[in-house]
Amino acid sequence: MFNAILATAAQAAAPAAGNAAGQATQTNPFGMLILMTGAFILMFWMMSRSNKKQQQKREELLDSIVKGTEVMLASGIYGKVSAVQDKIFTVEIADRVFVKVNRAGIHDVIKPEAPAEAPAEKKEETADK
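The present account deals with the structure reproduced in this document. (Residues numbered from 1 in each chain as written. Predicted model: local features only at pLDDT ≥ 70, side-chain atom pairs only at ≥ 80, totals over all residues. Heavy atoms only, no water.)

### Here we look at the environment of R103
Then step 1. Structurally, R103 is set in the loop between β4 (97-102) and β5 (106-109).
Then step 2. Considering only alpha carbons, one finds R103 and Q85, 18 residues apart in sequence, at a separation of 9.5 Å.
Then step 3. In contact with R103, other than residues within four places in its own chain, are R58, E59, L62, D63, K87 and F89.
Then step 4. Of the polar contacts made by the side chain of R103, one reaches the side chain of E59; its length is 3.2 Å. (Helix = DSSP H or I, 4+ residues; strand = E, 2+ residues; numbered from the N terminus. Contact = heavy atoms within 4.5 Å. Polar contact = N/O pair within 3.5 Å; in protein donor to acceptor, adjacent residues only side chain to side chain.)

### As for the sheet that holds strand β1 (residues 70-73)
Then step 1. Spatially, the five strands line up as an open sheet ordered β4-β3-β2-β1-β5, and their pairing is antiparallel. The sheet is open, and its two borders are formed by β4 and β5, each paired with just one other strand. Each strand of the sheet is rotated relative to its neighbour by a mean of 45 degrees, with strand direction disregarded.
Then step 2. As paired elements, β1 and β5 share three bridges and run antiparallel to each other. Residue pairing across strands places L73 opposite I106, the latter belonging to β5. (Pairing = 2+ DSSP bridges. Axes fitted to C-alpha atoms, helices over the stretch in contact; angles between N-to-C directions.)

### Considerations on the nonpolar core
Then step 1. With 11 residues, the main nonpolar core is built from L61, L62, I65, V71, L73, V81, F89, V91, V101, I106 and V109.
Then step 2. At the level of elements, α2 (29-63), β1, β3 (88-94) and β5 are the ones that each hand at least two residues to this core.
Then step 3. With near-sequence residues (within four places) excluded, L62 lies in contact with F89, R103 and I106. (Core = buried A, V, L, I, M, F, W, Y, C linked by side-chain atoms within 4.5 Å. Buried < 20%, exposed > 50% of the residue type's maximum accessible area, 1.4 Å probe, protein only.)

### Comments concerning the environment of A74
Then step 1. By secondary structure assignment, the location of A74 is in the loop between β1 and β2 (78-84).
Then step 2. Along the primary structure A74 and H107 are separated by 33 residues, whereas in three dimensions their C-alpha atoms are 4.8 Å apart.
Then step 3. Apart from residues no more than four positions distant in its own chain, A74 is found in contact with G105 and H107.

### Some details on the pairing of β2
Then step 1. Where β1 lies against β2, three bridges are found, and the strand directions are antiparallel. Following the sheet pairing, V71 is matched in β2 by G79.
Then step 2. As defined by bridge partners, β2 adjoins β3 across four bridges and the pair is classed as antiparallel. Bridge pairing links V81 to V91 in β3.

### Some points on the pairing of β4
Then step 1. Where β3 and β4 come together, six bridges link them in antiparallel fashion. Residue pairing across strands places A94 opposite V97, the latter belonging to β4.
Then step 2. Between the antiparallel neighbours β3 and β4 lie two residues, among them R96 with a positive phi of about 60 degrees.

This is the structure:
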């Protein structure tokens with residue numbers, strides 16, 4: 001009986017001695033689970049933050065619309081805002097043709113382009129230098 005206990009102890013000590021000699025150890029599956037969960041939470045947080053920024057930028061764009069602003073509707077029609085109510089814009093799409101559009105129907109605000117300088121003015125500036 002004493003020999004059986006010693007044999008069991010020797011078998012239990014053998015793998016521990018082998019690990020010290022450089023054999024690979026078995027990894028903890030809970031560590032991998034924690035790592036994967038952390039990565040998932042980080043990705044979810046980054047995506048929601050990006051969506052919030054885009055939504056905030058769109059809200060600022062819609063809040064900047066006033067009478068006379070040129071807009072493009074979601075249908076692709078261009079027009080000029082003639083009246084602004086709470087959530088409804090009245091857009092003139094042609095001469096005396098008005099369309100009432102929900103706030104969500106505005107796709108983009110058309111920014112006015114800066115007037116181009118005449119080529120003669122550019123030549124004068126370079127001649128002075």
